[in-house]
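Single-letter residue listing:
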Amino acid sequence: MDDGINCYVVPQTTGTGRNIFQGGSPLQESLPLLGVQLVLIVAVTRVLYFLLKPFKQPRVVSEIMGGIILGPSMLSRNAAFKETVFPARGDPVLHTVATFGLMYVIFLIGVRMDPMLVVRSGKKGVVIGLSGFVLPLAMTAWGFSGAAMVAETDVTRRSTVLFALSTSISVTSFAVLSPIMSELNLLNSDLGRTAMSASMTTDGIAWLIMVGYTLAEAFLVSPLTSLWAFLSVAALAAVILFAVRPVALKVIERTPPGKPVDENYVFFFLLIVLLVGFYSDIIGTNSFHGALMLGLAIPDGPPLGTALGEKIDAMVSGLILPLYYAMTGLSTDVWCLHFGRLQLIIFLGWLGKLVGVMVPSLYLEIPLRDAVSLSLFMNSKGIVEVITFNFFLTNKLIGKGTFSVLMCSSVAITAVSVPVAACLYDPARRYAVYKRRTLQHLKADADLRILACVHDQSHVPGTLSVLEASHATPQTPIGLYLLQLVEIAGRSAPVFIPHNPRRNASRIGAPGAPSSDADRIINAFFRHELRHPEGAISVHPFTTISPYASMHDEVCRLAVDKRTSLILLHYHKRHMLAGGAHAAAGLRVVNRKVLEVAPCSVAVFVDRNAGSVGLSSFIPGPMQDYSSSGSSTGSGRPTSAPQFRAAVAALFFGGGDDREAMSYAARMARHPGVTVAVVRFLPARGIKDDPADRRVDNRAIEEMKALAARSRNMRVKEELVGDMERIVEVLRGLDKAGYDLVVVGMRHRWYPVMPANGLSDWSECPELGVIGDLLASSDFDTPYSVLIMKQQDQAGLNAAVPGAQDLWRSGSVCGPPPRTLSTSGSGHHRQ
């Protein structure tokens, strides 16, 4: 147990020693030595992470392995390397800097944790968390019991220490699981939410055990000492809860919406972390536990949680946390590994966790593969285990041999469990819907369910315009599920918020109504609902706060739960009045992933010039009040909607996506203020196409012609094209014809003209298809808005057999009297 005593003279920090020109070495001084150590550690861990990332290895594995490579297991076995880069005289500085940074990392983890997640997740997470902790704890505690540990000479056989060691092997911490799920983009998945809730449950139990361990150790000194320890912990909790938290809430209250927190407040809370850490070390609970308690008292999310995260994350999490992991690796020596009772106990803990999570998961009707994945994820090890094992080593409760066994076992378990679990779990599998959820196959009198995704207020006019053009009536109602997409900031676990429609609707126009962006967006849609007869439109608002990388899981999950036929997305580039476009890379990530796994049809709306022209020029923005427009009934609903005029062109090249676009245009033609022109592009003679595709397309066009014969709001025309130049010429001519909206399919892989031109190689956004990308491009300067549609994929049916089992269904369109299109309020007329 005695590691010996190292005697050395602590050198000056910097600037007083002899430089290389005087025959000295800068590494004899603390600051240059620390700089070299930091650079070397970060370089090795980043290279390892780059090499291991394709194998789905989490960052913690590469960072601990980097320390092991630099430590006595490999490079530091060379005496010259160790004495030059990691000499004993540098250990205090390295340890102090790493521990100081880790305290802030633990504080930030506490800030980003949401204890209410356990309550919102229901009993599933609690049951799985309890079972996945109690069973491995019982099995490992049995393994440590009796005279079983006699052979392990470097483990203190005090019962409290052995129980604490069993707890550390059995726990699954939120701080460990959250970054792993975030790296794998699984935070928004069902499995990710369950894992977060279960890990938070075990965190609560582990914290109570930590307090009990502190009191038990104090009781070994004297019962009075144990009492003082309890009072000290209670005093810390009381100060944090009744002094620090009210101050944090007051800071949030004083910060204007959308504005950053004052720097002085941020500095104040960073100082409080130091004071709490100092006090926690005095009473023996460890500065990390005090920092975690303080972090939990700070409300997560913006503005305060986000501001603290921005100050701490870049430097501490990116630079000093790898330093702590590497310091742990420097204390690990694989040559000290021995095979004995300890490995069996660790295996019992792994097996107990596997069974303890899997059995209740299967009982709660989680599929077998998902249950196995969840149990493997719950076996992950990380920062909490590293801190605990270092605590045991520093306090001489275990020796370096046991420490090396624990660390190497933790790395091995995580390195194997995480990739296997990630391969077994496919979050997109639950979105596979074998029932047609498309506009083409929707019955004429069925209600249309649309999931509209908006990011900010600029998306509101476009969404409202598409909604208005869709012609909602009590006979053909529209159910709108509004999902506001908010990037996660200042919290680790994603949040899904269902809003109360009645509560929001009652506050429209009320004095003192909320002025946040979210409230204005939601109220704009409720006003739109009130403009229509009762039963025509029903609005159901939701908000998701999550990372862009996994936000598509929330979108698709809601689409499955609400059985929507269409997901309406917005193009990630916003066309500006002064020219050019503002791109949002995060929204493009969401759009691409939704297009890939959507359980229904998807439409991407391109709003030209930020709504000043095109389709959304007819709809006021969210800041304006619609409720006064039109005459109202006693219920506050208008008897007639304001005049809406729009000219729509549906481009038909052929294929399922174009048939979906044409179906949507046919529904729009029912609106008395909308005229629709279906433009069919026929390949010129000499260009061969697929006869089977042509028959299905011809049948669809004949149905459209029959509808056009009964409606003076619809017409069908054909264009003969032999190359892309002619297609582009026709598309540019749509501007002169005065169209406000162009609807087109996304994929045209069977159209014979396009593949030969190689335009897909020049696409800015190939996910939109050749024509969609061309119309959305800022180089294609046209004023009309564009709606690019992708029909639901059903087990690869459309891709494998074009048009197979594809029945063209369309409702009848009542023929209103002929109208002259005029843009209401736009100042010009179209004939």
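To start, this report covers the structure provided alongside it.

So, how was this worked out
Residues numbered from 1 in each chain as written. Predicted model: local features only at pLDDT ≥ 70, side-chain atom pairs only at ≥ 80, totals over all residues. Heavy atoms only, no water. Helix = DSSP H or I, 4+ residues; strand = E, 2+ residues; numbered from the N terminus. Buried < 20%, exposed > 50% of the residue type's maximum accessible area, 1.4 Å probe, protein only. Contact = heavy atoms within 4.5 Å. Areas by Shrake-Rupley, 256 points an atom, 1.4 Å probe, with all protein chains shown as cover. Salt bridge = Lys/Arg side-chain N within 4 Å of Asp/Glu carboxyl O. Pairing = 2+ DSSP bridges. Axes fitted to C-alpha atoms, helices over the stretch in contact; angles between N-to-C directions. 1 Å grid on protein atoms, 1.4 Å probe; cavity = no way out; pocket = protein on both sides within 12 Å on 5 of 7 lines; lining within 4 Å. Points joined across faces, edges and corners; volume = space filled by probe spheres on them. Nonpolar A, V, L, I, M, F, W, Y, C, P; charged D, E, K, R; others polar. Core = buried A, V, L, I, M, F, W, Y, C linked by side-chain atoms within 4.5 Å. Expected span 1.5 Å × (residues − 1). Parallel < 35°, antiparallel > 145°, perpendicular 65-115°, else oblique. Left-handed = near helix turned anticlockwise from the far one by under 90°.

1. A closer look at the overall build of the protein chain
Move 1: Check the secondary structure of the protein chain and you find 27 helices and 13 strands.
Move 2: Relative to its 831 residues, the protein chain shows a buried fraction of 55%.
Move 3: Partitioning the intrachain contacts of the protein chain with sequence separation of at least 6 by distance along the chain shows that 82% fall at a separation of at least 24.
Move 4: Looking at the protein chain as shown, the accessible area adds up to about 35,500 Å², and 61% of this sits on carbon and sulfur atoms.

2. Quick notes on the pattern of salt bridges
Move 1: Counted according to the given criterion, the structure contains eleven salt bridges.
Move 2: With a closest N to O distance of 3.6 Å, Arg89 and Glu83 form a salt bridge.
Move 3: Its salt-bridge partner being Asp447, residue Arg449 comes within 3.5 Å of it at the nearest N-O pair.
Move 4: We classify Asp447 as partly exposed; its relative accessible area is 34%.
Move 5: Residues joined in a network through salt bridges with shared partners are Arg193, Glu554, Arg557 and Asp561.

3. Some words on the sheet that holds strand S5 (residues 566-570)
Move 1: Spatially, eleven strands are ordered S3-S4-S2-S1-S5-S8-S13-S12-S9-S10-S11 in an open sheet, and the strand pairing comes out mixed. The open sheet is flanked by strand S3 (495-498) and strand S11 (714-721), the only strands paired with a single partner. Neighbour-to-neighbour, the strand axes of the sheet open up by a mean angle of 20°, direction not taken into account.
Move 2: Bridging between strand S12 (residues 741-745) and strand S13 (residues 785-790) involves five bridges; their strand directions are parallel. Looking at the pairing, Gly745 lines up with Met789 of S13.
Move 3: In this fold helix H18 (residues 460-469) packs onto strand S1 (448-454), strand S2 (478-487), strand S4 (537-546), S5 and strand S8 (601-606), with an angle of close to 145° to the strand it touches most, S5.
Move 4: The sheet contacts of helix H20 (residues 517-530) involve S1, S2 and S4, and relative to S4 the element is tilted by about 165°.

4. Section: empty space enclosed by the protein
Move 1: Scanning the model with the defined rule gives eight cavities of 30 Å³ or more in all.
Move 2: Along the wall of the second largest cavity there are 14 residues; nearest its centre are Ile169, Ile346, Lys381, Ser410 and Ile413.
Move 3: For the lining of the second largest cavity, the secondary-structure elements that each account for two or more residues are helix H7 (159-170), helix H14 (341-363), helix H16 (383-394) and helix H17 (400-424).
Move 4: Taken together, the residues of the lining of the second largest cavity break down into six nonpolar, five polar and three charged.

5. Observations concerning the nonpolar core
Move 1: If you look at the biggest cluster of nonpolar residues, it comprises 108 residues, and the most contacted ones within it are Leu102, Phe107, Met181, Ile298, Phe377 and Ile383.
Move 2: In terms of residue count, the dominant contributor to this core is helix H13 (residues 304-330) (twelve residues).
Move 3: Excluding anything up to four places from it in sequence, Phe107 contacts Val273, Ala291, Leu294, Gly295, Ile298, Leu308 and Ile312.

6. As for unusual backbone geometry
Move 1: A positive phi is found at Lys56, a non-glycine position, where the angle reads about 60°.
Move 2: Mapped onto the secondary structure, Lys56 falls in the loop between helix H1 (30-52) and helix H2 (59-70).
Move 3: Relative accessible area serves as the criterion here: at 36%, Lys56 is assigned to the partly exposed category.
Move 4: For Asn185, which is not a glycine, the phi torsion comes out positive at approximately 60°.
Move 5: Here Asn185 lies in the loop between helix H8 (174-183) and helix H9 (190-221).
Move 6: The exposure class of Asn185 is partly exposed, given its relative accessible area of 27%.

7. Quick notes on the environment of Thr99
Move 1: Tracing the backbone through its elements, the reader meets Thr99 in helix H4 (residues 91-112).
Move 2: Along the sequence, Thr99 and Ser287 sit 188 residues apart, while their C-alpha atoms lie 9.3 Å from each other.
Move 3: Residues contacting Thr99, with those up to four places away along its chain left out, are Phe288 and Tyr324.

8. Here we look at the environment of Phe644
Move 1: Following the sequence through the fold, Phe644 ends up in the loop between S8 and strand S9 (646-652).
Move 2: Since its relative accessible area comes to 3%, Phe644 is described here as buried.
Move 3: Along the backbone, Phe644 and Ala469 are 175 residues apart, and their C-alpha atoms lie at a distance of 8.1 Å.

9. Focus on the side chain of Thr202
Move 1: Turning to its location among the elements, Thr202 is positioned in helix H9.
Move 2: On the accessibility criterion, Thr202 (0% relative accessible area) is buried.
Move 3: When residues no more than four places from it in sequence are discounted, the contact partners of Thr202 are Gly129, Phe133, Val171 and Thr172.

10. Concerning helix H22 (residues 585-597)
Move 1: For H22, built from 13 residues, the straight-helix expectation of 18 Å at 1.5 Å per residue is met to within 8% by its first-to-last C-alpha distance of 19 Å.
Move 2: Gly586, Leu587, Val590, Asn591, Val594, Leu595 and Val597 are the residues of H22 that are buried.
Move 3: On its buried side, H22 packs onto S2, helix H21 (551-562), S5, S8 and S13.

11. Considering the packing of H4 against H13
Move 1: The contact between H4 and H13 brings their axes to 7 Å, and the two run at 135°. Judged by the inter-axis angle, H4 sits oblique to H13. Considering the relative orientation of H4 and H13, their crossing is left-handed.
Move 2: Residues belonging to the contact of H4 with H13 are distributed by class as follows: 18 nonpolar, six polar and two charged.

12. Considering the packing of H4 against helix H12 (residues 287-297)
Move 1: Where H4 meets H12, the axes come as close as 6 Å, and the angle between the chain directions of the two elements is 30°. Comparing their axes, H12 and H4 come out roughly parallel. Pair H4 / H12 crosses with right-handed handedness. Listed contacts from H12 to Thr99, Leu102, Met103, Ile106, Phe107, Gly110 and Val111 of H4 are Ser287, Phe288, Ala291, Leu292, Leu294, Gly295 and Leu296.
Move 2: Of the residues assigned to the contact of H4 with H12, the class counts are ten nonpolar, four polar and no charged.

The analysis is restricted to geometry; functional conclusions fall outside its scope.
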